[in-house]
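# Descriptive analysis of the structure
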Amino acid sequence: FIELMNEIYRILKPSGILLSITPAYPAPEAFQDPTHVNFITKDTFQYYFCEDYLLAKMYGFNGKFKLLAQNMEGGKLTSFLRAIKD
């Protein structure tokens, strides 16, 4: 997941937007697909990949995003993140 987020950050233009739609905890869909190896919550992007926290840096994340909006509906978490590049 860290490698994926690094690659997304790398290819986005400055101020580019990432739209992520994924099953998220606590919805059962987050656990039903056996290929899911990482589980996402409504706090994952904010605390691990966005300014102010960036907890994913300790795992090798090299970027920085700003969380623009999030919505949890029908077991899916929709997130909009803006790439912050100097």
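These numbers come from a predicted model, not from an experiment.

The rules behind each value
- Residues numbered from 1 in each chain as written.
- Predicted model: local features only at pLDDT ≥ 70, side-chain atom pairs only at ≥ 80, totals over all residues.
- Heavy atoms only, no water.
- Core = buried A, V, L, I, M, F, W, Y, C linked by side-chain atoms within 4.5 Å.
- Buried < 20%, exposed > 50% of the residue type's maximum accessible area, 1.4 Å probe, protein only.
- Helix = DSSP H or I, 4+ residues; strand = E, 2+ residues; numbered from the N terminus.
- Contact = heavy atoms within 4.5 Å.
- Pairing = 2+ DSSP bridges.
- Axes fitted to C-alpha atoms, helices over the stretch in contact; angles between N-to-C directions.
- Salt bridge = Lys/Arg side-chain N within 4 Å of Asp/Glu carboxyl O.

### A closer look at the nonpolar core
Nonpolar side chains in soluble globular proteins tend to end up buried together. Counting residues in hydrophobic clusters, the biggest one holds 18 residues, and the most contacted among them are Met5, Leu18, Phe49, Phe61 and Phe65. At the level of elements, α1 (2-11), α3 (44-49) and β3 (76-83) are the ones that each hand at least two residues to this core. Those residues in contact with Phe49 that sit more than four places away from it in its chain are Phe1, Ile2, Met5, Thr44, Leu54, Ala56, Phe61, Lys64 and Phe65.

### Quick look at the sheet that holds strand β1 (residues 17-23)
If you walk across this open sheet you meet the three strands as β1-β3-β2, and the pairing is antiparallel. The open sheet is flanked by β1 and β2 (65-73), the only strands paired with a single partner. Going across the sheet, the axis of each strand differs from the next one's by a mean of 15°, ignoring polarity. Where β2 meets β3, eight bridges bridge the pair, whose relative direction is antiparallel. Pairing of Lys66 across the sheet is with Arg82, part of β3.

### With respect to the pattern of salt bridges
Taken as a whole and judged by the stated rule, the model has two salt bridges. In this structure, Arg10 engages Glu7 in a salt bridge whose closest nitrogen and oxygen atoms are separated by 2.7 Å. Taken as a pair, Arg10 and Glu7 lie in helix α1 at a separation of three residues, close to a single helical turn. A salt bridge links Lys42 to Asp43; its shortest N-O distance comes to 3.3 Å.

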